[in-house]
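# Topology and contacts: notes
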Amino acid sequence: MNATAAPDKRRWEAPYAEAELDAVVRVPGSKSMTARALILSALAAGPSTIERPLIARDTLLMVEGLRAIGVGVDTSDDDAWTVTPGAFKGGSSVDCGLAGTVMRFLPPVAALADGPVAFDGDPHARKRPNDGVIKALRGLGVGIEDGGRLALPFTVEATGAVRGGALDVDASKTSQLVSALLMAAPRFTEGIDLRHTGDRPVPSRPYLDMVVQMLRQAGAEVDDSEPNRWRVAPGELQGRTWTIEPDLQNAAPFLIAAAAAGGTVTVEGWPTETTQAGDAVRDLLTELGARVEWSRGGLTAVGSGEPIPGELDLADAAELTPALAALFGVSQGPFTIRGVAHIRGHETDRVSALVTELRKIGADVDEYEDGFRVNSGGRGPGGTWATYADHRMAHAGAVAGLVVPGLVLDDVACTSKTWPEFAEVWEQAVRGKE
């Protein structure tokens, strides 16, 4: 008896734009804000509510990690999660998946538990740099058993308290190191006096503005008046209601789609003031020749389908690199992106992966240590766009597929990391499906 193989739901032919776009899109809540709200709520003295949280793999991994160490998180209402703090318990384990927020934000919290907490994750997560968090916690007197790897898997040998105090770190690989330490610092005996001493600046600085703002909203005393130095006083965080903004990083590929295929795309509910790094796409699209305006209930991008060549420094908005790279890879060029060496340590080496995939569709690309230059774009042949289990690489493939017919993503399911419905919403935006 011959069995018919089930279709591979991971493979997905990116929709080709037969005409200029005309779409209005609603995106889910911000992953960055949801993750920070969960951590600050877990550290607070009383219950908190998180309105409009992102429901995706990364945030659900954070929920399960907090539950593992004794925090009550009720997710029965998709529109409002409630977090009830509790004494942090040891003797537990945390699955980080491929989430940098979990593998970096939770260990300083776990260090306050009454016993050891083990951390592990997906196979590729073991390759992601986590030496910063491990070294920092050791610098604060916390025991870490990692077998000398400075990466997953590792165990935080918690004893119920963290001294805190003055600490120098090199945060040039990721701003998440600073965010992780600052959020837990109010519960440290001496708070923290944190200095970045690396030779390169801290990347993605808007995320630090976000965490400082959210700490203050929770009642923390934070002094960030001196460059590369953050002081957080010991004290009690307050439970509160957090209202999560739309995720502008997930929204950006839709606005960039207007620049790639021409036409008009609106993202509903775009905040007029925000600390999200994805907000930088507004100015970037204008620089590339698109028109950006507030209309149709949100932020609207109107593109001509042929961006203006230029050079971009994306050090503070590196998550935009994949979608912009795809735009450049199907355009005349030349275009250059620099300042993004740190994205080599994201879900995959995004610089190398993007160069590889752009060359496959015929683009002429030069690779640098901190970015790349697209000398001229390509528009075919189709074939397979590898996603490397990276949601942003899938977003890039979707953008490229707007003008490269027959381009197939090998695993669109990886977008479940931050937006399980991404492919469906993208198809609706391009094809007008209801």
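Further up the page is the structure itself.
Conventions adopted
- Residue numbers run consecutively from 1 along every chain, following the written order of its sequence.
- Per-residue local features of the predicted model are confined to residues with pLDDT of at least 70, and side-chain atom pairs are confined, for both listing and counting, to 80 or more; whole-chain, interface and lining totals are unaffected and use all residues.
- The basis for every side-chain value is the complete set of non-hydrogen atoms in the structure, without hydrogens or water.
- In this scheme, strands are said to pair when DSSP sees at least two bridges between them.
- In DSSP terms, a helix is any run of H or I states spanning at least four residues, a strand is any run of E spanning at least two, and both are numbered starting from the N terminus.
- Interaxial angles span 0 to 180 degrees and are taken between N-to-C directions of axes, which are lines fitted to C-alpha atoms, for helices over the stretch in contact.
- Three exposure classes are used, based on accessible area relative to the maximum for each residue type with a 1.4 Å probe and protein chains only: buried under 20%, partly exposed in between, and exposed over 50%.
- In this analysis, two residues are considered to be in contact whenever any of their non-hydrogen atoms come within 4.5 Å of each other.
- Classification of ring pairs uses Phe, Tyr and Trp, with its six-membered ring standing for Trp, and accepts pairs whose centres are within 6.5 Å; under 30 degrees between planes counts as stacked, over 60 as edge-to-face, and the remaining range as tilted.
- The rule for a charge over a ring is simple: NZ of Lys or CZ of Arg within 6 Å of the ring centre, and within 35 degrees of the ring normal.

The subject of this paragraph is the sheet that holds strand E2 (residues 21–25). In space, the four strands of this open sheet follow the order E2-E15-E17-E16, with mixed pairing throughout. Taken across any chain shown, the strands that pair with only one partner, and hence form the sheet edges, are E2 and strand E16 (291–295). Pairs of neighbouring strands in the sheet enclose a mean axial angle of 15 degrees, with direction left out of account. In the sheet, E16 pairs with strand E17 (residues 298–303) via five bridges, with the strands oriented antiparallel. If you follow Trp294 over to E17, its bridge partner there is Leu299.

This brings us to the environment of Gly29. In this structure, Gly29 sits in the loop between E2 and helix H1 (31–43). Judged by its relative accessible area of 7%, Gly29 is buried. Separated by 24 residues in sequence, Gly29 and Pro53 place their C-alpha atoms 5.4 Å apart. Those residues in contact with Gly29 that sit more than four places away from it in its chain are Arg52, Leu54, Ile244, Glu245, Pro246 and Asp247.

A full pass over the atoms with the stated rule returns seven aromatic pairs. Here Phe119 and Phe154 contribute two aromatic rings whose centre-to-centre distance is 5.3 Å and whose plane-to-plane angle is 20 degrees, an arrangement assigned as stacked. Of this pair, Phe119 sits in strand E7 (residues 117–120) while Phe154 sits in strand E9 (residues 154–157); the two residues are 35 residues apart in sequence, bridging distant segments of the chain. On the basis of an interplanar angle of 70 degrees and a centroid distance of 5.9 Å, the ring pair of Trp419 and Phe422 is categorised as edge-to-face. The two residues Trp419 and Phe422 agree in class, both being buried. Geometry around Trp242 places Arg240 over its ring, the cationic atom sitting 4.3 Å from the centre.

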